[in-house]
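Residues per chain, in single letters:
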Amino acid sequence: MTWSMSSCVITLFVLFLWRVEDIAEACSCSPAHPQQAFCNADVVIRAKVVGKKVVEAGNDVYGNTIKRIKYDIKQIKMFKGPDRDIDAIFTAPSSAVCGVTLETNGNKEYLFTGKLETDGTMHVTLCDFIESWEAMSPTQKKSLTQRYESGCKCKIIRCTSIPCTISAPEECLWTDWVMEKSHSGPQAQHFACINRSDGSCAWYRGIAPPKKEFLDIEDP
């Protein structure tokens, strides 16, 4: 093999390794119903973003500086979280590692779900439920105050292809993807999976509180 050919092979190999690293670092997560996002989150808040800057967050195992994006926020309401206001949220610097890009002019209101780090800071990723407040349905907004929380013992099963079924009475089948080809379909927009009086779970639609005789509720 000639020197030039060897050099070409080495270059291609290096490029291949870089590409494998990029793929390994790509952000990937399974879509979640808004109720699941609420139940799995440490913090759920409504807020405006008023500032942004890059900050250092220690070093990785190789000694390289870890950078994060810090978004300064103005909290409007907390639906779940610590007994204090959150004034900033942190995210990764790029979408390749699940970083979130937000509008910072202070005009747009968001609903944020995220995790609390050990130092008390709030961290968000593309895998969290982050939505424009204006784009949320009335049912979603109302469910943040009680409905979603009342169903946190239930389990929402995402249907990706037909046939799909539930395997336990405390499960609700989420069919938006197979029916609407969207994870923001009717069940995400208008339904919550909540406990019945017998311990089972079922979809409930609407803003009004469920009646005691919720046992005869119709599935979507």
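Every value quoted in this text rests on a predicted model; they were computed, and no experiment measured them. (Residues numbered from 1 in each chain as written. Predicted model: local features only at pLDDT ≥ 70, side-chain atom pairs only at ≥ 80, totals over all residues. Heavy atoms only, no water.)

Asks: Whenever I open this one, the environment of Q35 confuses me. Can you help?
Replies: With respect to the helices and strands, Q35 occurs in helix α2 (residues 34-40). Of the residues examined, Q35 reaches a relative accessible area of 2% and is grouped as buried. Taking the C-alpha atoms as reference, Q35 lies 7.9 Å from E149; in sequence the two are 114 residues apart. Dropping the residues within four chain positions of it, Q35 is found in contact with Y148, G151, C152, I156, A192 and C193. (Helix = DSSP H or I, 4+ residues; strand = E, 2+ residues; numbered from the N terminus. Buried < 20%, exposed > 50% of the residue type's maximum accessible area, 1.4 Å probe, protein only. Contact = heavy atoms within 4.5 Å.)

Asks: How should the UniProt feature "site: Involved in metalloproteinase-binding" (unreviewed entry) in the protein chain be read in this particular structure?
Replies: Per the UniProt entry, the sites bearing "site: Involved in metalloproteinase-binding" (unreviewed entry) are N40 and K67 in this numbering. Locating N40 in the fold gives a position in helix α2. Not counting residues up to four positions away in its chain, the partners in contact with N40 are K80 and K115. Given a relative accessible area of 46%, K67 falls into the partly exposed group. Ignoring anything within four residues of it in the chain, the contact list for K67 reads V54, V55 and P93. (UniProt positions renumbered as here; feature names shortened; annotations may be inferred.)

Asks: Explain the pattern of salt bridges here, please?
Replies: As a working rule, side chains carrying opposite charge can pair if their charged atoms are close by. The final tally for this structure, using the stated rule, is three salt bridges. The shortest N-O distance in the salt bridge between D72 and K70 comes to 3.8 Å. (Salt bridge = Lys/Arg side-chain N within 4 Å of Asp/Glu carboxyl O.)

Asks: What should I look at first to understand the confidence of the model for the protein chain in this one?
Replies: Note that predicted coordinates carrying low pLDDT should not be read in detail. Summary statistics for the protein chain give a mean pLDDT of 86 and a share of 84% for residues scoring 70 or more. With pLDDT under 50 throughout, residues 3-24 is counted as low confidence; its partners more than four residues away or in other chains account for two contacts. (pLDDT = per-residue confidence, 0-100.)

Asks: Could you clarify how one ought to interpret the packing of aromatic side chains in this entry?
Replies: Two descriptors summarise a pair of aromatic rings, namely the distance from one centre to the other and the angle between the planes of the rings. This structure, assessed with the given rule, holds four aromatic pairs. Relative to W133, the ring of F79 lies with its centre 6.1 Å away and its plane at 15°, an arrangement referred to as stacked. Placement of the pair is F79 in strand β2 (residues 65-80) and W133 in the loop between β6 (130-132) and α3 (138-143), with a sequence separation of 54 residues. For the residue pair F79 and W133, the accessibility class agrees, reading buried in each case. A ring pair is formed by F191 and W203, whose centres lie 6.3 Å apart and whose planes are at 80°; its orientation type is edge-to-face. Placement of F191 in strand β9 (residues 191-195) and of W203 in strand β10 (residues 201-205) is noted, with a sequence separation of 12 residues between them. Of the two residues, F191 and W203, neither departs from the other in class, the shared state being buried. A cation over an aromatic ring shows up here: K80 above the ring of F38, its NZ or CZ 5.3 Å from the ring centre. (Phe/Tyr/Trp six-rings, centres within 6.5 Å; stacked < 30°, edge-to-face > 60°. Lys NZ or Arg CZ within 6 Å of the ring centre and 35° of its normal.)

Asks: Which parts of the structure should I look at to understand unusual backbone geometry?
Replies: Among all residues except glycine, the phi angle is most often negative; among peptide bonds, the trans geometry is most common. P163 follows I162 through a cis peptide bond whose omega is 5°. With a phi close to 70°, C98 is a non-glycine residue in the positive phi region. Looking at the secondary structure, you find C98 in the loop between β3 (88-91) and β4 (109-116). Overall, the relative accessible area of 14% leaves C98 in the buried class. Look at K181: it is not a glycine, yet its phi comes out positive at around 55°. For K181, the location among the structural elements is in the loop between α5 (176-180) and α6 (186-190).

Asks: What should I look at first to understand the environment of R205 in this one?
Replies: When you line up the elements, R205 lands in strand β10. Placed 12 residues apart in sequence, R205 and C193 show a C-alpha to C-alpha distance of 8.9 Å. When neighbours within four sequence positions are excluded, R205 is seen to be in contact with H190 and F191.

Asks: What should I look at first to understand the side chain of Q187 in this one?
Replies: Here Q187 is to be found in helix α6. Polar contacts involving the side chain of Q187 include one to the main-chain carbonyl oxygen of L173, which spans 3.0 Å. (Polar contact = N/O pair within 3.5 Å; in protein donor to acceptor, adjacent residues only side chain to side chain.)

Asks: Help me out: how do you make sense of the pairing of β10 in this one?
Replies: For a regular strand, side chains alternate in direction, first toward one face of the sheet and then toward the other. In terms of burial, β10 is a largely internal element, four of the five residues being buried. Strand direction decides the pairing type here: β9 and β10, joined by five bridges, are antiparallel. Note on β10: the bridge partner recorded for A192 is Y204. What sits between β9 and β10 in their antiparallel hairpin is a turn of five residues, with G199 showing a positive phi close to 95°. (Pairing = 2+ DSSP bridges.)

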